[in-house]
Amino acid sequence: MQGKKTYQEKLFNSFRLSERVPQDNFYRLLKGVLDLNFLYVQTKSYYGDSGQKSIDPVVFFKLCLVGYLENIISDRKLIQHCSMRLDILYFIDYDLDEELPWHSTISRTRQLFPESVFEEVFTKVLSMCIEKGMVSGHTQAIDSAPIKANASMDTLELKVPEEDLQAHLRKVRVFSSMDKETPHRKSKGDKSDRGQRIVTASKKELGAIQSRNKKWSTDQDQRPGSGNKGSKYTSNKTHYSPTDPDARISVKPGKARKLNYLSQLSVDTASHVITDIRAYHADGKDNQQLPDIVERLHKRLWQQGLFWENCVADTGYSSGENYAYLEQKRT
């Protein structure tokens, strides 16, 4: 006999969230081993003694972890996603009838805590992985990846030299119909300081930019895709982002220029556990940043009682200076 299911919402329900999440569910297992209660002491000084209660710091960091695991970068989408997942609600200790924090609360709390608090959480989780035997420390693989900044190429502005701006523009910029004197979209506020707005490039570097722009200006407007905002040539020597002054213009082969950061990631080869991560300016090269990466990673592993012997990286990190540096560190 054919069945037909009709839905009629009940006024009362007998429902236990813990019974609906399978025993082998990832977030249920993670909840059983991840203890973040130390955060109450770590973050207490950043809150007042009166007023309305803010989001639980443990809940905040669990939501950040969910965003990473689910590949969600928008706080608004993160809250929407969590509200539809029973296992995530169970992981963050919210029941079905409890209202989740506003997405704006997540953003404000992220700005409230300094870098040291996030570093403490990372170190704590890493130590838990080490206690479970997931990290050997013997061999570390290092690689980089561009991270898109929360800033648009449309708001780029020209750096101002010590000399007259208009005279400088005539020397280093070749304007086309897609390259106007004013930005496509004016930023709401300029967060840069004077040093970031001043041209610091040498005459030789500016001359190279001028030569490159002349080549581009010949048929730039006729090229396929010339109307795209990322098609024109821009340089960190002559442009800055008022929205995010620390972001840098960078490009990958076959893709348009974008404002990025450069993430340097270290992974232990035993169980692929991340042992260190940091963001750098996107206009720097990998081989320039290797010494800082090694110093940070060596200190972190040493504090955990691990001995680091082998460093695995691609040719982007190789240079005579780095080989000599690594040989010296080994001795």
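Note that the coordinates shown come from a computational prediction; the quantities given were computed from them, not determined experimentally.

Cut-offs used in this document
- Residues numbered from 1 in each chain as written.
- Predicted model: local features only at pLDDT ≥ 70, side-chain atom pairs only at ≥ 80, totals over all residues.
- Heavy atoms only, no water.
- Patch = residues over 30% accessible without salt bridge, like charges linked within 9 Å, V, L, I, M, F, W, Y side chains within 5 Å.
- Areas by Shrake-Rupley, 256 points an atom, 1.4 Å probe, with all protein chains shown as cover.
- Salt bridge = Lys/Arg side-chain N within 4 Å of Asp/Glu carboxyl O.
- Helix = DSSP H or I, 4+ residues; strand = E, 2+ residues; numbered from the N terminus.
- Buried < 20%, exposed > 50% of the residue type's maximum accessible area, 1.4 Å probe, protein only.
- Axes fitted to C-alpha atoms, helices over the stretch in contact; angles between N-to-C directions.
- Parallel < 35°, antiparallel > 145°, perpendicular 65-115°, else oblique.
- Left-handed = near helix turned anticlockwise from the far one by under 90°.
- Contact = heavy atoms within 4.5 Å.
- 1 Å grid on protein atoms, 1.4 Å probe; cavity = no way out; pocket = protein on both sides within 12 Å on 5 of 7 lines; lining within 4 Å.
- Points joined across faces, edges and corners; volume = space filled by probe spheres on them.
- Nonpolar A, V, L, I, M, F, W, Y, C, P; charged D, E, K, R; others polar.
- Phe/Tyr/Trp six-rings, centres within 6.5 Å; stacked < 30°, edge-to-face > 60°.
- Lys NZ or Arg CZ within 6 Å of the ring centre and 35° of its normal.
- pLDDT = per-residue confidence, 0-100.

Caption draft 1: Highlighting a nonpolar patch on the surface. A cluster of nonpolar residues, Phe 15, Leu 86 and Leu 96, forms a patch on the protein surface that exposes about 230 Å² of accessible area. Residue placement: Leu 96 occurs in the loop between helix H6 (86-91) and helix H7 (103-112).

Caption draft 2: View of the pattern of salt bridges. For the coordinates displayed, the defined rule picks out 11 salt bridges. In this structure, Arg 16 engages Glu 19 in a salt bridge whose closest nitrogen and oxygen atoms are separated by 3.6 Å. We note that Arg 16, like Glu 19, is exposed. The partner of Asp 276 in a salt bridge is Arg 300, with the nearest N and O atoms 2.9 Å apart. Here the residue Asp 276 occupies a position in strand S6 (residues 273-281), and Arg 300 occupies one in helix H12 (residues 286-303), the gap between them amounting to 24 residues. Arg 300 carries the same exposure label as Asp 276, and that label is buried.

Caption draft 3: Examining the packing of helix H2 (residues 26-33) against helix H4 (residues 57-69) more closely. Running from amino to carboxyl end, H2 crosses H4 at an angle of 140 degrees, the nearest separation of the two axes being 13 Å. Taken together, the axes of H2 and H4 are oblique relative to one another. In the packing of H2 onto H4, the handedness of the crossing is right-handed. Every residue of H4 that contacts H2 at Phe 26, Tyr 27, Leu 30 and Lys 31 is listed here: Lys 62, Leu 65, Val 66 and Leu 69.

Caption draft 4: The arrangement of the layout of surface pockets in detail. Quantified by volume, the second largest pocket comes out at close to 620 Å³. Contributing to the lining of the second largest pocket are 21 residues, with Glu 309, Asn 310, Cys 311, Leu 326 and Arg 330 lying nearest its centre. Only H12, strand S7 (310-312) and helix H13 (320-330) provide two or more residues apiece to the lining of the second largest pocket. Considering every element that reaches the lining of the second largest pocket, the biggest residue donor is H13, with six residues. Of the residues that constitute the lining of the second largest pocket, the class distribution is 12 nonpolar, four polar and five charged.

Caption draft 5: Fine view of the environment of Gly 67. Counting through the fold element by element, Gly 67 comes out in helix H4. On the basis of relative accessibility, which here comes to 7%, the residue Gly 67 falls in the buried class. Taking C-alpha positions, Gly 67 is 9.3 Å from His 81, a pair spaced 14 residues apart along the chain. When near neighbours in sequence (up to four residues on either side) are disregarded, Gly 67 contacts Ile 72 and Leu 78.

Caption draft 6: Inspection of the packing of aromatic side chains at higher detail. Within this structure, the stated rule accounts for nine aromatic pairs. Ring geometry for Tyr 47 against Phe 113: centres 6.1 Å apart, planes inclined by 75 degrees, an arrangement best described as edge-to-face. Linking Tyr 47 in the loop between helix H3 (39-42) and H4 with Phe 113 in the loop between H7 and helix H8 (115-131), this pair joins segments that are 66 residues apart in sequence. Taking the relative accessible area as the measure of exposure, Tyr 47 reaches 26% and is therefore partly exposed. Between Phe 60 and Phe 113 the ring centres are 5.8 Å apart and the planes differ by 70 degrees, which places this aromatic pair in the edge-to-face class. With a gap of 53 residues between them, Phe 60 in helix H4 and Phe 113 in the loop between H7 and H8 connect regions that are remote in the sequence. By relative accessible area, which is 0% here, Phe 60 ends up buried. Here the aromatic residues Tyr 46, Tyr 47, Phe 60, Phe 61, Phe 113 and Phe 118 are joined through ring pairs into a cluster of three or more. Positioned over the ring face of Tyr 90 is Lys 31, at 3.9 Å from the centre of the ring.

Caption draft 7: Looking closely at the confidence of the model for the protein. Taken residue by residue, the protein gives an average pLDDT of 82. The fraction at 70 or more is 76%. Scored below 50 in pLDDT, residues 174-178 shows 15 contacts in the model against residues more than four places distant or in partner chains.

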